[in-house]
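# Coordinate inspection notes
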Amino acid sequence: MVLSIIHTEPVKVNRKHGAISFSEALSLTGFGKFNYFLIFISGMVLANVLLETAAMGFILPIAQCDLHLSNQDKGVLSAISFAGIITSSHLWGFLADTKGRRKVIRPTLLAGFVVTLFSSFSHTFWVMVLLRFINGFFVSGGSATIYAYLGEFHTDKTRSRAMMGSSFIFAIGAMILPMIAFLVINQDWVLPITFLGIDYKPWRLFLIVCGIPGMLCGLSMFALPESPKFLLAHGREAKAIEVLQKMQRWNGGTEELKLKHILPEEEQPGSMMQLNNQSASKENFATAFMKSMWNQTVPLFHKQYIRITLIVCNMQFWLYVVTNGMYMWFPHIINSMVEFMNGHPGEHKQICHIVYDKHESLYKEDGTMECVAKLENTTYFYSLIMEILYASSFAFIGLVINRVGKITILFISTIFFTSCGLAAVFVMDPSIAAYLYVLFFLVGVAINVLGAATVELYPTQMRAMAICVSLMFGRLGSVVGANIVGAMLAHNCEMTFYTACAALYVCAFLTLLIPRRTLAPPAKPVLDEA
């Protein structure tokens, strides 16, 4: 086994011989069908993560009796997919930076769907937990890598809008979630499967339907090439040129794009990591693999990057605590509020007091639980309103992001939507509180803006790992958020809001410390280990 980290110097090509920079070569491909298709697929990959994870939020109130779930069990099931994502995100980041973006995205999307298919037949709580964990393990591959993959097909001029375009597609996909839930979950049919000991109900089919976009995106990746910037950074110039020529043909170029040489950009000289298996020793291979991954991660915490890395990871953690962790309880809380408003028209009560009353009605003192067959129709309406506002926010941000700037958008959006969440706790009118509660979750628009900013803050050979590490902290926030809410909701509902809002206010001011330019890559030593 030989682990080699090779320091490579910039390829010095004389411009007189027809050499141009990568950015110039990329701009020659134009902006057309290829870019639109890539933006759409990228957006659907992001939407797939939401569909695969957030689907549990709609399922848990319905599956309570089928899987015999307590509030703590619901917290575990809400978080377990994110735990799988955390476990694998570092691995996928390493493989994406060393083996290729496409080689990670395509197989993980397809594997994730297969696991989802099996999980729909789960007959016990623990089987469901195991399969949703494995699903999260694979879902992570596409979700983190897609940012770097999409960004590297676009120039500085078009990258931000491409990112926001994919975020808009993501929001459209998210908007479909409550529609799918309404059309599938609120049906009455039951299909007994005696040899598994389960009744196959609509909520099980809902799991499969939410996994289909991932399967379609995985198949679509067969038509898309590897990132040309990744290929160039790894010394595969001829292949990078082929990809650029393919882009130009897709975009309607009438003449073949002729490129003799492409100059690496300033950020590209540095280290390329190669893992060569020259030994049959599994122990040595595993050790070298871990050392490779470690050496790919360490640069993120070098002096010139540590401030950015810590700020981004902290922001991702708290944004995900709310938008994923607390969101898993959104259908339950909104459904409780809708039931209260329908049963007590004109009566005023704070959101947390309604939640306390609902918990007492679900879990009886004699140990029995009340089964919920369907969610209130108005619950889906509030979910749909949220997703429409998401899509509108992304569309608006896409139009103004280059003019206003990512940092400004991060600061304003975080402050405003956090304030809505804090106000929702104190408002006595449940209808107004419900809309403020909906607006609270729109703080999630900051995640995509932060992702776009992160891509531009790190050089090519560090981007996928930077995104994966930051999202690993985000998913950790999802796990913490879902479980803390599950444990505290019944007795300390207000404290969950106070803690999350206070942390998000701090995060908003931390965004002002993020630099507005890409930093130079750190110098890395030559390492040869036999």
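Residues numbered from 1 in each chain as written. Predicted model: local features only at pLDDT ≥ 70, side-chain atom pairs only at ≥ 80, totals over all residues. Heavy atoms only, no water.

The next point concerns the overall build of the protein chain. Tallying secondary structure elements over the protein chain gives 19 helices and 7 strands in all. The long-range fraction of contacts in the protein chain, counting pairs at least 24 apart against all pairs at least 6 apart in sequence, stands at 85%. (Helix = DSSP H or I, 4+ residues; strand = E, 2+ residues; numbered from the N terminus. Contact = heavy atoms within 4.5 Å.)

Counted under the stated rule, the structure contains 9 salt bridges. In this structure, Asp 66 engages Lys 201 in a salt bridge whose closest nitrogen and oxygen atoms are separated by 3.1 Å. In this pair, Asp 66 is assigned in the loop between α2 (33–63) and α3 (71–98) and Lys 201 in the loop between β4 (198–200) and α7 (202–220), connecting sequence segments 135 residues apart. Looking at Asp 66, the relative accessible area reads 25%, which means it is partly exposed. Residue classification places Lys 201 among the partly exposed positions, given a relative accessible area of 24%. Across the pair Arg 159 and Asp 156 runs a salt bridge whose closest N-O atoms are separated by 2.7 Å. Of the two residues, Arg 159 and Asp 156 are both situated in helix α6 (residues 156–185); the distance of 3 residues between them amounts to about one turn of the helix. In this structure Arg 159 comes out as buried when scored by relative accessible area, which is 4%. (Salt bridge = Lys/Arg side-chain N within 4 Å of Asp/Glu carboxyl O. Buried < 20%, exposed > 50% of the residue type's maximum accessible area, 1.4 Å probe, protein only.)

For the rest of this paragraph, the subject is the nonpolar core. Counting residues in hydrophobic clusters, the biggest one holds 160 residues, and the most contacted among them are Phe 58, Leu 77, Phe 206, Leu 244, Phe 330, Tyr 437 and Phe 497. When residues of this core are assigned to their parent elements, the largest contribution, 19 residues, is made by α2. Residue assignment places this core across two domains, with domain 1 (18–266) and domain 2 (297–519) each supplying three or more. Among all residues touching Phe 58, those that are not within four sequence positions of it are Leu 177, Pro 178, Ala 181, Ile 185, Phe 206, Tyr 327, Pro 331, Leu 375, Tyr 380 and Ser 383. Counting residues in each nonpolar core, the second largest holds 5 residues, with Phe 113, Ile 193, Ile 198 and Tyr 200 among its members. (Core = buried A, V, L, I, M, F, W, Y, C linked by side-chain atoms within 4.5 Å. Domains from an automatic or database assignment.)

Another point: the packing of helix α4 (residues 101–119) against α7. Pairs of packed helices are described in terms of their axes, by the angle between the two and the distance that separates them. Orientation of α4 relative to α7, taken along the N-to-C sense of each, is 160°, at an axis distance of 8 Å. Regarding the angle of α4 to α7, the classification is roughly antiparallel. Judged by the sense of rotation from one axis to the other, the crossing of α4 with α7 is left-handed. Every residue of α7 that contacts α4 at Arg 106, Leu 109, Leu 110, Phe 113, Thr 116, Leu 117 and Ser 119 is listed here: Leu 207, Ile 208, Gly 211, Ile 212, Gly 214, Met 215, Cys 217, Gly 218 and Leu 219. (Axes fitted to C-alpha atoms, helices over the stretch in contact; angles between N-to-C directions. Parallel < 35°, antiparallel > 145°, perpendicular 65-115°, else oblique. Left-handed = near helix turned anticlockwise from the far one by under 90°.)

Turning next to the environment of Thr 145. Within the element layout of this structure, Thr 145 appears in helix α5 (residues 125–151). Through-space distance from the C-alpha of Thr 145 to that of Gly 100 is 9.5 Å; in sequence the pair is 45 residues apart. Aside from chain neighbours lying at most four places away, what touches Thr 145 is Trp 92, Ala 96, Arg 101, Val 104 and Ile 105.

On average, the protein chain scores 82 in pLDDT, and the residues at 70 or more come to 87%. Contacts for the low-pLDDT stretch residues 267–282, under 50 throughout, to residues beyond four places or in other chains number 56 contacts. This stretch, residues 523–530, has a pLDDT under 50; its non-local contacts, to residues over four places away or in other chains, come to 18 contacts. (pLDDT = per-residue confidence, 0-100.)

Assignment of secondary structure puts Ser 120 in the loop between α4 and α5. Along the backbone, Ser 120 and Arg 132 are 12 residues apart, and their C-alpha atoms lie at a distance of 9.8 Å. When sequence neighbours within four positions are dropped, the list of residues in contact with Ser 120 reads Tyr 200, Arg 204, Leu 207 and Ile 208.

A separate point is unusual backbone geometry. The phi dihedral of His 68 is positive, around 55°, even though this residue is not glycine. Mapping His 68 onto the fold places it in the loop between α2 and α3.

This paragraph deals with a nonpolar patch on the surface. Together, Leu 117, Phe 121, Phe 195 and Leu 196 give the surface a local cluster of nonpolar side chains, amounting to about 380 Å² of exposed area. Residue position: Phe 195 is located in the loop between β3 (191–193) and β4. (Patch = residues over 30% accessible without salt bridge, like charges linked within 9 Å, V, L, I, M, F, W, Y side chains within 5 Å. Areas by Shrake-Rupley, 256 points an atom, 1.4 Å probe, with all protein chains shown as cover.)

Here we come to the packing of helix α14 (residues 377–404) against helix α16 (residues 430–440). Packing of α14 against α16 brings their axes to within 9 Å, and their N-to-C directions diverge by 40°. Between α14 and α16, the angle is such that the two are oblique. Taken as a pair, α14 and α16 cross one another with a handedness that is right-handed. The segment α14 lies against α16, with Phe 381, Tyr 382, Ile 385, Met 386 and Leu 389 engaging Ser 431, Ala 434, Tyr 435, Val 438 and Leu 439.

Here we come to the side chain of Thr 309. By secondary structure assignment, the location of Thr 309 is in helix α11 (residues 303–325). For Thr 309, a relative accessible area of 3% puts it in the buried group.

Now for α11. The terminal C-alpha atoms of α11, which comprises 23 residues, lie 32 Å apart, in line with the 33 Å expected from a rise of 1.5 Å per residue. Leu 319 marks the point of greatest bend in α11, at about 30°. (Expected span 1.5 Å × (residues − 1). Bend = angle between axes of the 7 residues up to and from the residue.)

Look at α3: 42 Å from first C-alpha to last across 28 residues, which is about the 40 Å you get at 1.5 Å a residue. By the largest-angle criterion, Ser 88 marks the main kink of α3, which is about 40°. Counted residue by residue, α3 has 23 buried out of 28 residues, so it is predominantly covered.

Here we come to the packing of aromatic side chains. The description of an aromatic ring pair uses the distance of the two centres, along with the angle that the planes make with each other. Summed over all chains, the structure comprises 26 aromatic pairs. Considering the side-chain rings of Phe 317 and Trp 318, the 5.1 Å spacing of their centres and the 85° angle between planes classify their relative orientation as edge-to-face. Ring geometry for Tyr 327 against Phe 330: centres 5.7 Å apart, planes inclined by 10°, an arrangement best described as stacked. Taken individually, Tyr 327 and Phe 330 each receive the classification buried, so the pair is uniform in this respect. (Phe/Tyr/Trp six-rings, centres within 6.5 Å; stacked < 30°, edge-to-face > 60°.)

This paragraph deals with the side chain of His 154. By secondary structure assignment, the location of His 154 is in the loop between α5 and α6. Among the residues examined, His 154 registers a relative accessible area of 2% and is labelled buried. A distance of 3.2 Å separates a polar atom in the side chain of His 154 from a polar atom in the side chain of Asn 35. Non-local contacts of His 154, meaning those with residues more than four positions away in its chain, are made with Leu 26, Phe 31, Asn 35, Leu 38, Ile 39, Arg 159 and Ala 162. (Polar contact = N/O pair within 3.5 Å; in protein donor to acceptor, adjacent residues only side chain to side chain.)

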